[in-house]
Amino acid sequence: MGTPSVLFVCLGNICRSPTAEGVFKHKAMQNGFDVKVDSAGTAGYHDGHAPDKRSQQVASHKGYDLSRLKCRKVTEADFETFDHIIAMDKANVRDLKRKCPENLQHKISLFLSYANSEFEEVPDPYYGGGKAFELVIDLIEDAADGLLFKLSQSLKAG
Ligand code: 4NP
């Protein structure tokens, strides 16, 4: 089996999924785990923009640098390219499933299904305050650990 690949998806690709990309890349590197990681949005409102300043700030307090990431929209090719397409909320799952061919829909999952959490979804922080962004990164760190564990187990199993 080759290097696994993961695409994190939210609505805007400026708050939650770039945070997931930055956190997961960092944790994978720390653990010496080789994985291709990217993120995208189901909507294209902010194409080409860096992540939201509030997301960058809470991430940087925890040692993650999001400043070089660039927003993009999910493409048809993503469903072929990536092994795992991981959504932040159920609306993202619905939007992805509308675009994804039936035979590739098994690649789509909810990020918090890998976490040990009372939350099922990473809530959209865009119209929230600082606390909303802190909750997002806490949930993402938890799920990133779970996903890393799951991927390393499946690599071992071959
Ligand atoms: P994200 O948050 O999906 O976590 O990137 C949002 C960003 C922008 C908008 C909504 C959610 N927006 O409506 O522009």
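Anything mentioned here points back to the structure above.
Every value quoted in this text rests on a predicted model; they were computed, and no experiment measured them.

Enquirer: For the site of the ligand, give the residues involved together with the corresponding values.
Expert: For the ligand, the full set of nearby residues is Cys10, Leu11, Gly12, Asn13, Ile14, Cys15, Arg16, Tyr45, His46, Asp124, Tyr126 and Tyr127. At 3.0 Å from an oxygen atom of the ligand is found a side-chain nitrogen or oxygen belonging to His46. For the shell around the ligand, the per-class residue count stands at seven nonpolar, three polar and two charged.

Enquirer: Break down the nonpolar core for me, with residues and values.
Expert: The tendency in soluble globular proteins is for nonpolar side chains to be buried as a group. Counting residues in hydrophobic clusters, the biggest one holds 35 residues, and the most contacted among them are Val6, Phe8, Phe24, Val35, Phe111 and Leu147. Residue assignment for this core shows that the elements contributing at least two residues are strand E1 (5-10), helix H1 (16-30), helix H2 (53-61) and helix H5 (130-157). Per element, the largest residue contribution to this core is 10 residues, and it comes from H5. Contact partners of Val35, with chain neighbours within four places excluded, come to Thr3, Pro4, Ser5, Val6, Phe24, Ala28 and Leu151.

Enquirer: Any details on the pairing of strand E2 (residues 36-41)? Residues and values, ideally.
Expert: As defined by bridge partners, E1 adjoins E2 across six bridges and the pair is classed as parallel. Bridge assignment links Ser5 to a residue of E2, and that residue is Lys36. Of the crossover connections in this fold, the one passing from E1 over H1 to the parallel E2 is right-handed.

Enquirer: Residue-level account of the packing of H2 against H5, with values.
Expert: Look at H2 against H5: their axes get within 10 Å of each other, and the N-to-C directions meet at 55°. Judged by the angle between their axes, H2 and H5 are oblique. Crossing of H2 against H5: the hand is right-handed. The segment H2 lies against H5, with Arg54, Ser55, Val58 and Ala59 engaging Phe133, Glu134 and Ile137. For the contact of H2 with H5, the per-class residue count stands at four nonpolar, one polar and two charged.

Enquirer: Give me H2: which residues, what numbers.
Expert: Because each turn of an α-helix spans 3.6 residues, side chains separated by three or four positions in sequence point in the same direction. Every buried residue of H2 is accounted for by Ser55, Gln56, Val58 and Ala59. Lining the buried residues of H2 we find H1 and H5. Where H2 starts, the residue carrying a side-chain oxygen 2.8 Å from the main-chain nitrogen of Arg54 turns out to be Asp52.

Enquirer: Give me the lowdown on the sheet that holds E2, citing residues and values where you can.
Expert: Ordered by their spatial adjacency, four strands build an open sheet running E2-E1-E3-E4, and the pairing between neighbours is parallel. Two strands close off the open sheet at either side, each with one partner strand: E2 and strand E4 (108-110). The sheet shows a mean angle of 25° between the axes of neighbouring strands, taken without regard to direction. As judged from the four bridges shared by E1 and strand E3 (residues 84-87), these two strands associate in the parallel manner. Paired with Phe8 across the bridge in E3 is Ile86. Strands in contact with helix H4 (residues 90-99) are E1, E3 and E4; relative to E4, the strand with the most contacts, it is inclined by about 170°.

Calculation rules
Residues numbered from 1 in each chain as written. Predicted model: local features only at pLDDT ≥ 70, side-chain atom pairs only at ≥ 80, totals over all residues. Heavy atoms only, no water. Near = heavy atom within 4 Å. Polar contact = N/O pair within 3.5 Å; in protein donor to acceptor, adjacent residues only side chain to side chain. Nonpolar A, V, L, I, M, F, W, Y, C, P; charged D, E, K, R; others polar. Core = buried A, V, L, I, M, F, W, Y, C linked by side-chain atoms within 4.5 Å. Buried < 20%, exposed > 50% of the residue type's maximum accessible area, 1.4 Å probe, protein only. Helix = DSSP H or I, 4+ residues; strand = E, 2+ residues; numbered from the N terminus. Contact = heavy atoms within 4.5 Å. Pairing = 2+ DSSP bridges. Right-handed = clockwise from strand over helix to strand, strands pointing away. Axes fitted to C-alpha atoms, helices over the stretch in contact; angles between N-to-C directions. Parallel < 35°, antiparallel > 145°, perpendicular 65-115°, else oblique. Left-handed = near helix turned anticlockwise from the far one by under 90°.

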